[in-house]
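# Structure at a glance
Spelled out from the first residue to the last, the chains are:
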Amino acid sequence: MAPKLPTIWAQLPPTFLLPDAFLPLIAKRTVTYGWSTADRRRKPARFNQQTAGLPTLGQSPAAALERKAKTTPLRTGALAIKKGMMALYDTETGKRTPCTVVQLDRVQVVAHKTREKNGYYAVQMGAGWKHESNVTRPLLGHFEQAGVSPKRFMHEFRVKDESGLLPVGTSIGPEWFLEGQFVDARANCRGMGFEGGMKRHGFHGQPASHGNSKTHRAMGSNGPSQGAGSRVHPGKKMPGNMGGQQVTVQNVKILKVDSEKGILVLNGCIAGPKGCVVQLQDAIFKPWPAIPGALEEVSEAQQTATA
């Protein structure tokens, strides 16, 4: 036999027949939906709702792009080859300034990355030249679609918005940068291979005498006992592979621009040996350079070269 319902239940209609005005708005908080003031029948939104009077959550891709907007360059960078170092002398004061020479070799725009398709804006740049017999067929199709020759080096540069996307096939030379502006130079530092603790971390080594036998450059014991668990802790400085990582040198000043030879002269030293690839882009900790006619100068240089 079914249980007898209270008499008040027979007097009120079911809740799904009541209008929304009679349903209470209850503020609830959950791990999945955050704060919400909507009724339970409506599916809550993923982020904070405006009716709750709380700020919108910042875990969305749009919020991430907004946070990086201030430090994302307005235009693309360029790929260059490090040729070596030299020095410039001031004829008046005699001051010697060490500098690095990099050369831009057939740098062209290969593809675009858009926010609608990829979630961010970027320009894919290619430099150098490679014989088609040494390029895979998918890459050959990629270059053929862009209308450029096969490139030896490829890299993409993030830009703030679609205004920084250059047309595919556009060539960039040293005139893309101005004398006196600052850039960030990224390159892989010189690889040392497998090195010991003295060279890799600056250890002093063991005593040179007093009974030491053939362990002068060895690091010695590295595993603490009892209190530390008789093990080697993660992150312990030990011998291993040294070098070969990407190093960014920020706020490098451009001293000279030679469009005829495709050369940029940078102040000071940058990472990497001779012949390495250097990524140059406008410095994020300096004011953006005002170059309104940079693209026009590039097109004029191309027309002059073809003529």
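Below or above, wherever it landed, is the structure these notes cover. The structure presented is a predicted model; accordingly, all values stated were derived computationally and were not measured.

## Quick word on the sheet that holds strand β3 (residues 78-89)
Pairing is antiparallel around the closed barrel formed by six strands, whose spatial order is β3-β4-β13-β12-β9-β14. Each neighbouring strand pair of the sheet contributes to a mean axis angle of 50°, computed without reference to strand direction. Bridge count between β3 and strand β4 (residues 96-103): eight bridges; the pairing is antiparallel. Bridging across to β4, Leu88 finds its partner in Thr97.

## Quick look at unusual backbone geometry
Most peptide bonds adopt trans geometry, and most residues besides glycine take a negative phi value. You will see that His210, though not glycine, has its phi angle at about 60°, which is positive. Of the residues examined, His210 reaches a relative accessible area of 79% and is grouped as exposed. Of note in this structure, Asn251 is not a glycine but carries a positive phi near 55°. Among the structural elements, Asn251 can be located in strand β12 (residues 246-258).

## Quick notes on the environment of Leu166
Mapped onto the elements, Leu166 comes out in the loop between β7 (153-158) and β8 (171-172). It is 7.1 Å that separates the C-alpha atoms of Leu166 and Val109, two residues lying 57 residues apart in sequence.

Cut-offs applied
- Residues numbered from 1 in each chain as written.
- Predicted model: local features only at pLDDT ≥ 70, side-chain atom pairs only at ≥ 80, totals over all residues.
- Heavy atoms only, no water.
- Pairing = 2+ DSSP bridges.
- Helix = DSSP H or I, 4+ residues; strand = E, 2+ residues; numbered from the N terminus.
- Axes fitted to C-alpha atoms, helices over the stretch in contact; angles between N-to-C directions.
- Buried < 20%, exposed > 50% of the residue type's maximum accessible area, 1.4 Å probe, protein only.

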